[in-house]
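Coordinate inspection notes
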Amino acid sequence: MTTDGILSQLNKASAAEEFFALLGIEYDAKIIDVARLHILRRMGEYLAGEEFTGASDPDIALRCKATLERAYADFVTSSPIEQRVFKVLKDAAAPQSNKHPELVQLGSLE
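Residues numbered from 1 in each chain as written. Predicted model: local features only at pLDDT ≥ 70, side-chain atom pairs only at ≥ 80, totals over all residues. Heavy atoms only, no water.

**Observations regarding helix α4 (residues 57-76)**
For the α-helix, the turn length of 3.6 residues means that residues three or four positions removed from each other point alike. When the terminal C-alpha atoms of α4 are compared, their 28 Å separation across 20 residues agrees well with the 28 Å that a helix rising 1.5 Å per residue should span. Restricting attention to buried positions, one finds in α4 the residues Ile60, Cys64, Thr67, Leu68, Ala71, Tyr72, Asp74 and Phe75. Projected onto a plane normal to the axis of α4, the buried residues spread over an arc of 145 degrees and lie on a single side. Exposed residues pointing more than 90 degrees away from the buried face of α4 are listed as Pro58 and Leu62. (Helix = DSSP H or I, 4+ residues; strand = E, 2+ residues; numbered from the N terminus. Expected span 1.5 Å × (residues − 1). Buried < 20%, exposed > 50% of the residue type's maximum accessible area, 1.4 Å probe, protein only. Arc of directions from axis to C-beta.)

Structure, rendered in structure tokens:
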């Protein structure tokens, strides 16, 4: 590991596999191939609720590891479509309006 803190190292990571390697987490490549962006997005959602101010780097690393493991576990047992992490998937599942367009009598049109 470099002298950079874990958050700095994670910030520089560009692939899901790097996140898993930095945090020492084993993974199934088949799951990562399908849900890599979803897992990282979910990890980000979980990390948004964390407060790292004043925490030591080893403590931060453990919390990040637990967060990534939790996010990964979400996709081990279900699919990205079921988890609906991204807006496009959330919108696709949103209840559709039952409003029908009002009928207009042809004779009333000018």
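**Looking at the nonpolar core**
Counting 21 residues, the largest nonpolar core has Phe20, Leu23, Ile39, Met43, Cys64 and Leu68 as its most contacted members. At the level of elements, α1 (6-12), α2 (16-23), α3 (29-48) and α4 are the ones that each hand at least two residues to this core. In this structure Cys64 touches Leu7, Leu10, Leu23, Met43, Leu47 and Phe52, once residues within four positions along its chain are discounted. (Core = buried A, V, L, I, M, F, W, Y, C linked by side-chain atoms within 4.5 Å. Contact = heavy atoms within 4.5 Å.)

**Describing the pattern of salt bridges**
If you walk through the whole model with that rule in mind, you get 6 salt bridges. Here Arg63 and Glu50 are joined by a salt bridge, their closest N and O atoms 2.8 Å apart. Here Glu50 lies in the loop between α3 and α4 and Arg63 lies in helix α4, a separation of 13 residues in the sequence. Assessed through its relative accessible area of 22%, Arg63 is described here as partly exposed. Overall, Glu50 belongs to the partly exposed group, its relative accessible area being 30%. Salt bridges linked by common partners bring Glu17, Asp33 and Arg36 together as one network. (Salt bridge = Lys/Arg side-chain N within 4 Å of Asp/Glu carboxyl O.)

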